[in-house]
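Observations on the model geometry
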Amino acid sequence: MSLYAIGDLHLHYQSLLKAPGHLHDRVWKNHEEKFRKNCGKLITDEDTLVLVGDHSWGKTLAECEQDLQYICDLPGRKILIRGNHDMFWDAKKTQQLNDLYKPRLTFLQDSYETYQDFALVGTKGFCFEGPFYLDRRGRIMGWDEDAEVHAKKLAERELQRLRKSFELARADGYRKYIMFLHYPPTNILEERSGFTDMAEEYGAEQVIYAHCHGESRFHDSIHGEYRGRTYHLASGDYLRWKPLRIC
Ligand SMILES: [Fe+2]
Ligand SMILES: [Fe+2]
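Residues take numbers from 1 onward in each chain, read along the sequence in its written order. Written order decides the labels, with chains lettered from A and ligands numbered from 1. Restriction of local features to residues with pLDDT of at least 70 applies here, the model being predicted, together with a cutoff of 80 or more for giving and counting side-chain atom pairs; totals for whole chains, interfaces and linings are based on all residues.

A few points about the overall build of the protein
Looking only at helices and strands, the protein has five helices and 13 strands in total. Only the C-alpha atoms count toward the radius of gyration. The rule for a globule is 2.2 Å times the residue count to the power 0.38. Taken against the 2.2 N^0.38 rule, which gives 18 Å for 247 residues, the C-alpha radius of gyration of the protein at 17 Å falls within 12% of a compact globule. Any residue whose C-beta has 12 or fewer other C-beta atoms within 10 Å is treated as exposed, any with 20 or more as buried, and any in between as partly exposed, C-beta atoms being built from the backbone. Sorting the 247 residues of the protein into buried and exposed places 39% on the buried side. Note on contacts: each residue gets a C-beta atom placed from the backbone, and two residues are in contact if those atoms are within 7 Å. A separation threshold of at least 6 residues defines the contact pool for the protein, and within that pool the share at least 24 residues apart is 80%. Under the DSSP-based scheme used, a helix requires at least four consecutive residues in state H or I and a strand at least two consecutive residues in state E, with every element numbered from the N terminus.

What follows is the structure in structure tokens.
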């Protein structure tokens, strides 16, 4: 029995949305097939796979049905976290999605799931992505302060959702946690954030995030040990479509 994670599948069986430039890199060629094969080799029906957001380019649930069916057809138990591109998933209507896809998929929002003696907690997260102003040598000299104020509000709402997830698990007696975010836990300066602080406050052993894809983004946030937790980037192209084994 194992726990795996991966994010940013960006499936588009129905949506003909033009993908951003980096999605035309070789790593994205037939990525659905590469990922399906890797899952078939690695994951059994006793395993759990957490999909860490940006599942589909579809904008409505109707435009995502084939993408979600692809996920349903993967082996193991599947838990989904919301990504910034998951327009089909209104956080407030998560229960409806769960009712519709039960028992094939679990949409995790304002709640927790379990794996062995771990509580799996998570939310989309948020981090300030700029714009940053650089000097001629590429050093950061400042950033858009209005955008920063807006980002703080979004992060605060996500932190409330994450806290709810932790608190529900704690109230049910869980003391071991694995934390999932779609966005990286820090900005590109890799500064301590509300998300790294919350991971520490509850003692999450591992923090898994995605969103950073395209090679130039892979090192936007923390990799490995940081203030007593272990952080892993699990975006699909970074992992070359091989799910990351967490434990
Ligand atoms: Fe993405
Ligand atoms: Fe994303």
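More follows now that the structure is in view.
A look at helix α5 (residues 194-202)
Taken together, the buried positions of α5 are occupied by F195, T196, A199 and Y202. Viewed along the axis of α5, the buried residues span an arc of 140°, placing them on a single side of the element. For α5, the elements touching its buried residues are α4 (145-171), β9 (176-181), β10 (206-209), β11 (224-226) and β12 (229-233). G203 lies just past α5 and shows a positive phi near 75°. For this quantity, the arc is that covered by the directions from the helix axis to the C-beta atoms.

Topic: the sheet that holds strand β2 (residues 48-51)
Within the open sheet, the five strands sit side by side as β4-β3-β2-β1-β13. Their pairing is mixed. The sheet terminates laterally at β4 (105-107) and β13 (244-245), the two strands that pair on one side only. One ladder, built from three bridges, connects strand β3 (residues 77-80) with β4; its direction is parallel. Bridging from a neighbouring strand, I79 pairs with T106 of β4. Strands qualify as paired when DSSP identifies two bridges or more between them.

Regarding α4
Given a helix with a known number of residues, its expected span is that number minus one, times 1.5 Å. Along its 27 residues, α4 runs 38 Å from first to last C-alpha, staying within 8% of the 39 Å computed at 1.5 Å per residue. Listed in full, the buried residues belonging to α4 are E158, L162, S165, F166 and A169. The secondary structure elements touched by the buried residues of α4 are β5 (112-115), β6 (118-123), β9 and α5. One or two steps after α4, the chain reaches G173, where phi turns positive at roughly 95°.

Re the pairing of β9
Two faces, one strand: in a regular strand the side chains alternate between the faces of the sheet. The buried count for β9 comes to five of six residues, which makes it a mostly enclosed element. Pairing of β6 with β9, which is carried by six bridges, proceeds in the parallel orientation. Among the inter-strand pairings, T123 is bridged to a residue of β9, identified as L181. Pairing geometry for β9 and β10, over three bridges, is parallel. Bridge assignment links M179 to a residue of β10, and that residue is V207. The crossover handedness rule: strands pointing away from the viewer, path from first strand over the helix to second strand clockwise, crossover right-handed. This β-α-β element, β9 to α5 to β10, shows right-handed connectivity.

Topic: unusual backbone geometry
Backbone geometry follows two general trends: most residues other than glycine have a negative phi, and most peptide bonds adopt the trans configuration. The step from K102 to P103 runs through a cis peptide bond, and the omega angle for that step is 0°. Looking at where P103 falls in the secondary structure, it is placed in the loop between α3 (94-101) and β4. Of note, the amide linkage connecting G130 to P131 takes the cis form, showing an omega dihedral of 10°. Within the element layout of this structure, P131 appears in the loop between β6 and β7 (132-134). Phi is positive for H211, which is not a glycine, with a value near 70°. Considering the arrangement of structural elements, one finds H211 in the loop between β10 and β11.

A short note on the environment of S56
With respect to the helices and strands, the residue S56 is situated in the loop between β2 and α2 (65-72). For S56, a count of 28 C-beta atoms within 10 Å puts it in the buried group. A sequence separation of 30 residues divides S56 from D86, and the C-alpha atoms of the two residues are 6.3 Å apart. With sequence-adjacent residues up to four places away left out, S56 is seen in contact with L11, C64, D67, D86 and F88.

Quick word on the sheet that holds β10
Reading across the sheet, the six strands line up as β5-β6-β9-β10-β12-β11 and stay open at both edges, with mixed pairing between neighbours. Edge positions in the sheet fall to β5 and β11, since each has one partner strand and no second. Direction aside, the axes of adjacent strands within the sheet are offset by 30° on average. Note: β10 against β12, four bridges, orientation parallel. Residue pairing for β12: Q206 is matched across the bridge by T230. On the sheet, α4 packs against β5, β6 and β9 and is oriented at approximately 165° with respect to β6. Lines fitted to the C-alpha atoms define the axes, with helices restricted to the stretch that makes contact. Angles between their N-to-C directions range from 0 to 180 degrees. Where α5 meets the sheet, it contacts β9, β10, β11 and β12, and its direction lies at approximately 165° from that of β9.

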